[in-house]
Amino acid sequence: MKLATALAERSDIQNRINTISVRLDNNAKVQEGDVPAEDPKALMEELDRLIVRLEDLVARINLTNSGTVYEGKTITELLAHRDCLKKKVRVLRDFLNTASDRVTRMTRTEIKIVSTVPVSEIQKTVDGLAKELRTVDEKIQELNWTTELVWWNGWDIYRVDVSLSAENVLIMGRNFGQVSEVQVLIWQRIASNVTCVS
């Protein structure tokens, strides 16, 4: 499964859990003698199944993000960099909007309000940060569609990390002996060079 597919499934499960929460609330009480529109027990069983799947997906997504390296940075680091860039761009844009607002004086005797910073220079900085943000986001999206989600086997974690050129495959795990021959064959189809990393 590709990372992007796992992310889409995670989002879908989160939406379904939110829907079940509403449905449970709607069926929590009924008038004496009536029956609920939906069986709360069945809803809670469905919730349990979704929570188990969500926990598995979240763990595997996080492990994949922290174990996949692209140009010296993990996806986790790229995500953190993207999130921080978004915050910085938003703060600076808000600041520039305030700094560039003109205050009209009604008379010459009123105090003149001026900007405390060179707006045009900061705007160039913001433009550069916005461009970097787009580049990082595109890189993350590309990795989402080219990275395989980690497989896990109890406490031993095995993952396939395929570079964009698909020349190398890294199998990471505590015990290579537990990796099945079928898994190894699948990985060997992805690339000819298979390396074990403990």
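Residues numbered from 1 in each chain as written. Predicted model: local features only at pLDDT ≥ 70, side-chain atom pairs only at ≥ 80, totals over all residues. Heavy atoms only, no water.

So, on to the overall build of the protein chain. Secondary structure assignment for the protein chain yields five helices and six strands. Beginning at the N terminus, the succession of helices and strands in the protein chain can be written as α-α-β-β-α-α-β-β-β-α-β. Sorting the 198 residues of the protein chain into buried and exposed places 28% on the buried side. The long-range share in the protein chain, meaning contacts at least 24 apart out of those at least 6 apart in sequence, stands at 62%. Here the protein chain displays about 13500 Å² of accessible surface, and carbon together with sulfur accounts for 53% of that area. (Helix = DSSP H or I, 4+ residues; strand = E, 2+ residues; numbered from the N terminus. Buried < 20%, exposed > 50% of the residue type's maximum accessible area, 1.4 Å probe, protein only. Contact = heavy atoms within 4.5 Å. Areas by Shrake-Rupley, 256 points an atom, 1.4 Å probe, with all protein chains shown as cover.)

With that settled, consider the pattern of salt bridges. Summed over all chains, the structure comprises nine salt bridges. Close ionic contact of D56 with R60 constitutes a salt bridge, the shortest N to O distance being 3.5 Å. With a gap of four residues between them, D56 and R60 both fall in helix α2 (residues 40-67), about one helical turn apart. The partner of R82 in a salt bridge is D137, with the nearest N and O atoms 2.9 Å apart. In this pair, R82 is assigned in helix α3 (residues 75-100) and D137 in helix α4 (residues 119-146), connecting sequence segments 55 residues apart. Residues joined in a network through salt bridges with shared partners are E9, R53, D56 and R60. (Salt bridge = Lys/Arg side-chain N within 4 Å of Asp/Glu carboxyl O.)

To describe two helices that pack against each other, one gives the angle between their axes and the distance between the axes. It is at 5 Å that the axes of α2 and α3 come closest, and there the two elements cross at 90 degrees. With respect to α3, the axis of α2 lies roughly perpendicular. Only I75, T76 and L79 of α3 make contact with α2, whose side of the interface consists of N62, N65 and S66. Of the residues assigned to the contact of α2 with α3, the class counts are two nonpolar, four polar and no charged. (Axes fitted to C-alpha atoms, helices over the stretch in contact; angles between N-to-C directions. Parallel < 35°, antiparallel > 145°, perpendicular 65-115°, else oblique. Nonpolar A, V, L, I, M, F, W, Y, C, P; charged D, E, K, R; others polar.)

Given a rise of 1.5 Å per residue, 28 residues ought to cover 40 Å, and the 41 Å separating the end C-alpha atoms of α4 matches this to within 8%. Those residues of α4 not exposed but buried are I122, V126, L129, A130, L133, V136, I140, L143 and N144. (Expected span 1.5 Å × (residues − 1).)

Grouped together as the largest cluster of nonpolar side chains are 26 residues, with contacts concentrated most on I13, V126 and L149. Mapped by element, the contributors of at least two residues to this core are α1 (3-26), α2, α3 and α4. The dominant element in this core, judged by the number of residues it contributes, is α4, at seven residues. The residues contacting V126, other than those within four sequence positions of it, are V89, L92, R93 and L96. (Core = buried A, V, L, I, M, F, W, Y, C linked by side-chain atoms within 4.5 Å.)

So, about the environment of R16. By the secondary structure assignment, R16 is in helix α1. A relative accessible area of 37% means that R16 is categorised as partly exposed. Once residues lying within four places of it in the same chain are set aside, the contact partners of R16 are E46 and L50.

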